[in-house]
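Residues per chain are reported as follows:
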Amino acid sequence: VSQSRYPGGVLYIAAEGSHGLLQRVVAWENRHQVSLDNKLAVVRMPILADNVVMAEAFVQAAQKAEEDMGRPIVLVVVDTLARSFQGDENSAKDIGVFINSCDRWRSRLNGATVLVVAHTGKDATRGIRGSSAIKAACDFSYLVKKTEKLHSVLKCDKAKDGDEPEDMHFAFERVELGIKDRKDRDMASLVPKLEYVGSDDEEEADTAVGMDVTRVIGRIRALSHQGKPTDVDSMRKEFIDMKVNEFKVERESAGRQWRRALEKALEDGKIVKSGRNLVMAEKKSDPWD
């Protein structure tokens with residue numbers, strides 16, 4: 001956190017995916033109507049933290065960026081760990097060299113926070129891939145987990161000197177960039193929006209989604225028998241109104257419950273989309289009948 005009277009700047013080392021990052025920056029600016037000029041600087045190449053010469057050159061470049069921004073660098077993002085050093089991520093010794101460089105950057109940049117993006121292994125529940133020395137050196141560790149289409153949760157799994165903060169749930173909104181690609185198509189990117197803060201009990205959530213799926217299917221079946229339309233927009237409005245009026249659920253939460261129930265029903269093949277309508281999926285015939 002900056003101790004100055006005005007916000008500090010962010011220095012983002014985009015060791016991979018820099019093109020997509022720049023699109024996300026433009027989308028964020030368009031969505032919030034805020035310019036990130038003099039607030040964000042992007043390094044579009046890997047900085048090898050275990051290379052003494054390159055690590056020192058980076059500090060000098062960061063200090064120059066502070067001068068250009070007219071504000072101190074308070075956050076350095078390293079994306080990703082795997083592309084930012086030459087050693088073996090499973091070696092505590094090699095990881096130690098990387099960590100020491102991050103500590104030096106923090107010291108030389110007046111206590112700036114260094115945030116390192118790292119991959120999980122095949123088993124995400126085991127946390128960061130590689131040596132346990134990585135997590136041991138962290139003050140905080142967060143896991144980003146996809147919960148459903150265009151929705152993710154940010155979970156803290158380590159807080160060195162305090163209580164772990166509550167989970168933060170984000171939805172991703174499609175925002176046009178205001179430019180076209182080579183085929184004259186409008187370009188867009190995704191911008192995260194904080195939906196709510198709090199933990200979801202997965203077992204209870206699965207049960208709740210299952211009940212909502214049953215409600216949706218039952219309503220589609222009933223309307224179909226009555227010859228009434230089952231278009232997505234009408235079904236969504238009816239579901240949300242029911243949740244708000246009968247179950248006293250906040251409208252925003254009811255919207256999330258609708259999305260989860262709809263996606264689950266479609267994923268399980270219980271209903272299908274026919275144009276803008278939702279209809280019951282046809283039962284597959286039994287070849288033995």
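About the thresholds
- Once a new chain begins, its residue numbering starts again from 1 and follows that chain's sequence as written.
- Where local features are concerned, this predicted model is filtered to residues with pLDDT of at least 70; where side-chain atom pairs are given and counted, the filter is 80 or more; whole-chain, interface and lining totals use all residues.
- Only hydrogens and water are removed before side-chain values are computed, so all heavy atoms of the structure are retained for them.
- Where helices and strands are cited, they refer to DSSP runs of H or I of at least four residues and of E of at least two residues respectively, numbered from the N terminus.
- Put simply, the radius of gyration uses C-alpha atoms, and a globule should come to 2.2 Å times the residue count raised to 0.38.
- Per-residue accessibility, obtained with a 1.4 Å probe over protein chains only, is compared with the maximum for each type, and a residue is labelled buried under 20%, exposed over 50%, and partly exposed between these values.
- It only takes one pair of heavy atoms within 4.5 Å for two residues to be counted as in contact.
- Residue-level accessible areas treat just the shown protein chains as cover; the underlying method is Shrake-Rupley with a 1.4 Å probe.
- Positive charges come from Lys and Arg, negative ones from Asp and Glu, while His and the chain ends are left out of the count.
- Just so you know, the charge point we use is NZ for Lys, CZ for Arg, CG for Asp and CD for Glu.
- We define the nonpolar core as a collection of buried residues of types Ala, Val, Leu, Ile, Met, Phe, Trp, Tyr and Cys that are connected through side-chain atoms lying within 4.5 Å of one another.
- The rule is short: rings of Phe, Tyr and Trp, with Trp giving its six-membered ring, pair when the centres are within 6.5 Å, and they are stacked under 30 degrees, edge-to-face over 60, tilted in between.
- When DSSP finds at least two bridges between two strands, those strands are taken to pair.
- Between the N-to-C directions of two axes lies an angle of 0 to 180 degrees, each axis being a line fitted to C-alpha atoms and, for a helix, fitted only over the stretch in contact.

## Let's talk about the overall build of the chain
So, step 1. The secondary structure content of the chain amounts to 7 helices and 10 strands.
So, step 2. Since a compact globule built from 289 residues should have a radius of gyration of about 19 Å, the 24 Å found for the chain marks it as more spread out than a globular shape.
So, step 3. Counting only C-alpha atoms and orienting by the principal axes, one finds that the chain spans roughly 75 × 40 × 40 Å.
So, step 4. Burial statistics for the chain: of 289 residues in total, 32% are counted as buried.
So, step 5. Long-range contacts, defined as pairs at least 24 residues apart, comprise 55% of the intrachain contacts of the chain with a sequence gap of at least 6.
So, step 6. Entry remark: accessible area of the chain is about 18400 Å², with carbon and sulfur atoms responsible for 51%.
So, step 7. For the chain, the distance from the average site of its 46 positive side-chain charges to the average site of its 48 negative ones is 3 Å.

## As for the nonpolar core
So, step 1. Counting 24 residues, the largest nonpolar core has Leu-11, Ile-13, Phe-58, Val-76, Phe-98 and Trp-105 as the members making the most contacts within it.
So, step 2. Those residues in contact with Phe-98 that lie beyond four places of it in its chain are Ala-49, Val-78, Leu-81, Ser-84, Phe-85 and Val-116.

## What about the packing of aromatic side chains?
So, step 1. This model, assessed by the stated rule, comprises 4 aromatic pairs.
So, step 2. Taken together, a centroid distance of 4.5 Å and an interplanar angle of 50° make the contact between Phe-58 and Trp-105 tilted. Placement of Phe-58 in helix 2 (residues 52-69) and of Trp-105 in helix 3 (residues 92-108) is noted, with a sequence separation of 47 residues between them. Each member of the pair, Phe-58 as well as Trp-105, is classed as buried.

## Topic: the pairing of strand 8 (residues 186-197)
So, step 1. Where strand 7 (residues 168-180) lies against strand 8, 10 bridges are found, and the strand directions are antiparallel. What sits directly across from Phe-172, in strand 8, is Pro-192.
So, step 2. The turn joining strand 7 and strand 8, which pair antiparallel and follow one another in sequence, is formed by 5 residues; a positive phi near 65° is taken by Asp-184.

## What about the sheet that holds strand 2 (residues 40-43)?
So, step 1. Read from one edge of the open sheet, 4 strands run 2-1-3-4, paired in parallel fashion. With one partner strand each, in any of the chains shown, strand 2 and strand 4 (113-117) form the two edges of the open sheet. Across the sheet, the axes of successive neighbouring strands diverge by a mean angle of 15°, strand direction being ignored.
So, step 2. The sheet contact formed by strand 1 (residues 9-14) and strand 2 spans 4 bridges and is parallel. For Val-10, the partnering residue across the bridge sits in strand 2 and is Leu-40.
So, step 3. Running at roughly 145° to strand 4, helix 3 makes contact with strand 1, strand 3 (73-79) and strand 4 of the sheet.

## Considerations on the environment of Ala-124
So, step 1. Among the secondary structure elements, Ala-124 is positioned in the loop between strand 4 and helix 4 (133-136).
So, step 2. C-alpha of Ala-124 to C-alpha of Gln-86: the two residues are 38 residues apart in sequence and 24 Å apart in space.

## Focus on the sheet that holds strand 8
So, step 1. Pairing is antiparallel across the open sheet formed by 4 strands, whose spatial order is 5-6-7-8. The sheet is open, and its two borders are formed by strand 5 (140-148) and strand 8, each paired with just one other strand. Here the strands of the sheet are splayed against their neighbours by 30° on average, with no regard to which way each runs.
So, step 2. Bridge analysis of strand 6 (residues 151-159) against strand 7 gives 4 bridges, and the strand direction is antiparallel. In the strand pairing of strand 7, Ser-152 is matched with Phe-170.
So, step 3. Across the sheet, helix 7 (residues 251-267) lies against strand 5, strand 6 and strand 8, angled at about 120° from strand 8, the strand it touches most.

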